[in-house]
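Commentary on secondary and tertiary structure
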Amino acid sequence: MAPTTQVLLKESSHVRTIILNRPKQLNALSLEMVSRLLELFHAYEEDPNVKLIILKSEGRAFCAGGDVTAVVKDINKGNWKLGAKFFSTEFTLNYLMATYTKPQVSLLRGIVMGGGGGVSVHGRFRVATDNSVFAMPETELGLFPDVGASYYLSRLPGFFGEYVGLTGARLDGAEMLACGLATHFVPLEKLSLLEDALCKANTGDPKIICSIINEFSGTPKLKEKSQYFRLKTINRCFSRRTVEEIISAIEKEASKNMDDWITWTIQSLKKASPTSLKISLRSIREGRLQGVGQCLIREYRMVCTVMRGEFSRDFFEGCRALLLDKDKNPKWEPSKLELVSDHMVDQYFAAKDDEDWEDLKLPPRSNLPSHAIAKL
């Protein structure tokens, strides 16, 4: 494959810096980008000269997610398999990062959404900063938190992952650190100094890398109205068995104490795709009991079902309303939670009955470090 200008490289002795370079598109991941990243991560893992990978981006966003408008255009031309190719490449990359034998340091300036979480949260070190904004906003697009999010969201404290995954809540850098999505917080003005120090140290030893990042790190104060301070309420409501019960529990909280956060939470759930909410909740719940590979294989089944549009066309409608026409008024079908039956939800988790479709085949992994083995 010819090198792409959408992914830039810098080499410094044993350190490789990979730079996402689609700043005008907020570094949304194209098929070209995920293919190139997969190729590079494979090559660097096998190259004894490479000890550390730094992943960063050009422009004001780290990565706003996968380029789903391109996927939708392909499917609308009658080719959902092109979309499947994008997701299988992206999910394979996520798996490789999650089980990588060498340290990956992701520098999370600006927006980290959807697929941007997939190429960073699975890595060993995630450095949030003053302007980091993390979100998995898929339910308002008619999709579900993918890229292995059912693995990492389900491992956040309490039921915070269900809250983040169902509402699309935006977290700042301090909240990312508090809940464990980020491993460190480094002020913006120190980010390039940290990068220089990592290149100078020229090591792949995770303990040394961690101590270098610690030198530049601070513990940011959570904002007074941080949603992380709502963890007790979130646990009480989002631990419920069904989406209907979750909404009912939040409405009960609202009757006791209506405030901006509760109003926002109820509105977010009510404007999301009912089908998306139901498959997302089940996905995160199943993710609690599965390794990262099982999560990605299951999510691949789910995303192929979404792209085929047999049970719901909400993904296409969400993309139309939010990304293409931008009228922000999607017409979901089914339109209400009670119209989305358990049988319909089951279909998203079943293997596809299509002669030339197959489950995601993840690459075999060997000689993994203990932190990677723990994810399997």
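What comes next concerns the included structure. (Residues numbered from 1 in each chain as written. Predicted model: local features only at pLDDT ≥ 70, side-chain atom pairs only at ≥ 80, totals over all residues. Heavy atoms only, no water.)

1. Observations concerning the layout of surface pockets
Put simply, the rule is: Of the two site types, the cavity is a set of points on a 1 Å grid over the protein atoms alone where a 1.4 Å probe fits but cannot get out, and the pocket is an open set with protein on both sides within 12 Å along at least five of seven lines, each lined by residues with an atom within 4 Å of a point. Grid points are joined across faces, edges and corners, and a volume is the space filled by probe spheres set on the points. Counting from the N terminus, the helices are the DSSP runs of H or I reaching at least four residues and the strands are the DSSP runs of E reaching at least two. Lys, Arg, Asp and Glu make up the charged group, whereas Ala, Val, Leu, Ile, Met, Phe, Trp, Tyr, Cys and Pro make up the nonpolar group; the residues left over, Gly among them, are polar.
Considered as a void within the structure, the largest pocket measures approximately 1,100 Å³ in volume. Lining the largest pocket are 44 residues; nearest its centre among them are Met-113, Pro-137, Leu-141, Leu-322 and Leu-323. Broken down by secondary-structure element, the contributors of at least two residues to the lining of the largest pocket are helix 2 (68-76), helix 3 (80-98), strand 6 (111-113), helix 6 (160-167), helix 12 (260-271) and helix 15 (314-324). For the lining of the largest pocket, the leading source of residues is helix 12, giving 5 residues. Considering only enclosed or pocket space, the second largest pocket measures out at about 300 Å³ in volume. In terms of lining, the second largest pocket is formed by Arg-241, Thr-242, Val-243, Glu-244, Lys-278, Leu-281, Arg-282, Arg-285, Asp-342, Val-345 and Asp-346. Mapped by element, the contributors of at least two residues to the lining of the second largest pocket are helix 11 (243-256), helix 13 (274-287) and helix 16 (342-349). Among the residues making up the lining of the second largest pocket, the classes are represented as 3 nonpolar, 1 polar and 7 charged.

2. Some points on the pattern of salt bridges
Under the convention used in this document: A pair is scored as a salt bridge if a Lys or Arg side-chain nitrogen falls within 4 Å of a carboxyl oxygen belonging to Asp or Glu. For each residue, the accessible area found with a 1.4 Å probe, counting protein chains only, is set against the maximum for its type, and the residue is called buried under 20%, exposed over 50%, and partly exposed in between.
Under the defined criterion, the tally for this structure stands at 25 salt bridges. A salt bridge links Glu-244 to Lys-278; its shortest N-O distance comes to 2.9 Å. Placement of the pair is Glu-244 in helix 11 and Lys-278 in helix 13, with a sequence separation of 34 residues. Residue class for Glu-244 comes out partly exposed when judged on its relative accessible area of 31%.

3. Observations regarding the pairing of strand 7 (residues 125-128)
What counts, and what does not: Any two strands between which DSSP finds at least two bridges are classified as paired.
With burial as the criterion, each face of strand 7 is covered, one bearing Phe-125 and Val-127 and the other bearing Arg-126 and Ala-128. The pairing of strand 5 (residues 104-108) with strand 7 spans 4 bridges and is parallel. Within strand 7, the position partnered with Val-105 by the bridge is Phe-125. In this sheet, strand 10 (residues 184-185) lies alongside strand 7 in parallel orientation, the contact comprising 2 bridges.

4. Side note on the sheet that holds strand 4 (residues 61-63)
Strand order across the open sheet formed by 4 strands is 4-6-8-9, with mixed pairing between neighbours. Pairing within the sheet leaves two strands with one partner each, and these edge strands are strand 4 and strand 9 (171-172). Inspection of the sheet shows strand 4 paired to strand 6 by 2 bridges, in the parallel sense. Following the sheet pairing, Cys-63 is matched in strand 6 by Val-112.

5. Re the nonpolar core
We count it as follows: Nonpolar cores were defined as sets of buried Ala, Val, Leu, Ile, Met, Phe, Trp, Tyr and Cys residues, with membership established by side-chain atoms within 4.5 Å. Should any heavy atoms of two residues lie within 4.5 Å, those residues are considered in contact.
The biggest cluster of nonpolar side chains holds 98 residues, and the ones touching the most others in it are Phe-134, Tyr-152 and Phe-160. Among the elements that take part in this core, helix 3 stands out by supplying 10 residues, more than any other. Non-local contacts of Phe-160, meaning those with residues more than four positions away in its chain, are made with Leu-171, Cys-179, Gln-227, Tyr-228, Leu-231, Ile-234 and Asn-235. In this structure, Ile-54, Leu-107, Val-127 and Val-186 belong to the second largest nonpolar core, which totals 16 residues.

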